[in-house]
Amino acid sequence: MQRDSAQYTLLMAAALCAVCSVFVAGSAVMLRPIQEANSELDRQKNVLLAAHLVSAKDATAAKIKETFEGQVERELIDLTTGKATTPEQAGVGDDFDPAAAANDSKLGETISAADDVAGIKRRAKYAWVYKVKNDAGQLQQIVLPIYGKGLWSTVYGFLAVKSDGTTVSGITFYKHGETPGLGGEVENPKWQALWVDKTIYVGDDVKLAVAKGAAATTGDAAKHEVDGLSGATITSRGVSNMIQYWLGPQGFGPYLQSLAGGSGSNSDG
């Protein structure tokens, strides 16, 4: 076969593609453990940021691992009952991924249109929560994963709740595709700081919400409202909707109410 023939050119192109495919596949396999470790580290970092256990400035890998292992305990929750379970009882592994499980026929379920205020369509039947304890082993906070539709994307975050099950201790949003300077301000630490000490419930009803414009400064509404994001009405509404869903009866509501002593015990404190 001559070098300048069409057959030779095609053969060399095919050989080159095969070599590149093997290289890319091999690289993906070798890099997967590193990617998974980085993903887990990022998750731990955002749990700690929501709970104010580290700051963005001192969140080194060593600091994150030390703080997380020393103060945080991961627990699997059955969202149907609001009770803690184990991976064995749920039929999943320690590496259970609720986001991936949402589309699984056995581990996920479709949310009815009436209940799907967060716009996520499906969710897993189980979810991880993160229990923050002090040196004496006493529960201080619960960090909950939350997500829902914004304007352009699904917005992912963590909400930290005090051990009373109804008072916010922190929030962080770490993944989204919202407009920088508008909906992207969900990442702004100044805005996130407005959530601290807000009250979630009045009775069993979720009252925590992002206001349309400035939040109330007096009266009962001031206990539950956070300033809306300027120029980002739809993103603000999306955050309110995900709070409504994940802290309501379809999400972590039953679990949080069990911390407060049972259904109906949350109060407008």
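Thresholds, definitions, all that
- Residues numbered from 1 in each chain as written.
- Predicted model: local features only at pLDDT ≥ 70, side-chain atom pairs only at ≥ 80, totals over all residues.
- Heavy atoms only, no water.
- Buried < 20%, exposed > 50% of the residue type's maximum accessible area, 1.4 Å probe, protein only.
- Helix = DSSP H or I, 4+ residues; strand = E, 2+ residues; numbered from the N terminus.
- Pairing = 2+ DSSP bridges.
- Expected span 1.5 Å × (residues − 1).
- Phe/Tyr/Trp six-rings, centres within 6.5 Å; stacked < 30°, edge-to-face > 60°.
- Lys NZ or Arg CZ within 6 Å of the ring centre and 35° of its normal.

### Some thoughts on the pairing of strand E7 (residues 154-162)
In terms of burial, E7 is largely enclosed, as seven of its nine residues are buried. Pairing geometry for strand E6 (residues 139-149) and E7, over nine bridges, is antiparallel. Within E7, the position partnered with isoleucine 142 by the bridge is valine 161. Between the antiparallel neighbours E6 and E7 lie four residues.

### Some details on helix H6 (residues 233-246)
Here H6 spans 20 Å end to end across 14 residues, near enough to the 20 Å set by a 1.5 Å rise per residue. Every buried residue belonging to H6 is among Thr235, Ser236, Gly238, Val239, Ser240, Met242, Ile243, Tyr245 and Trp246, and all of these are buried.

### As for the packing of aromatic side chains
Two numbers describe a pair of aromatic rings. These are the distance of the centres and the angle of the planes. A full pass over the atoms with the stated rule returns 11 aromatic pairs. Taken together, a centroid distance of 6.5 Å and an interplanar angle of 80° make the contact between phenylalanine 96 and tyrosine 126 edge-to-face. Of this pair, phenylalanine 96 sits in the loop between helix H3 (87-90) and helix H4 (98-101) while tyrosine 126 sits in strand E5 (residues 126-133), and the two are 30 residues apart along the sequence. Neither residue differs from the other here; phenylalanine 96 and tyrosine 126 are each classed as buried. An aromatic cluster is built from Phe68, Tyr130, Tyr147, Tyr156, Phe158, Tyr174, Tyr245, Trp246 and Phe252, whose rings are joined through pairwise contacts. Its end group placed over the ring of tryptophan 128, arginine 74 keeps NZ or CZ at 3.5 Å from the ring centre. Over the ring of tyrosine 156 we find lysine 175; its NZ or CZ atom is 5.2 Å from the centre of that ring.

This is a description of form; function is not addressed.
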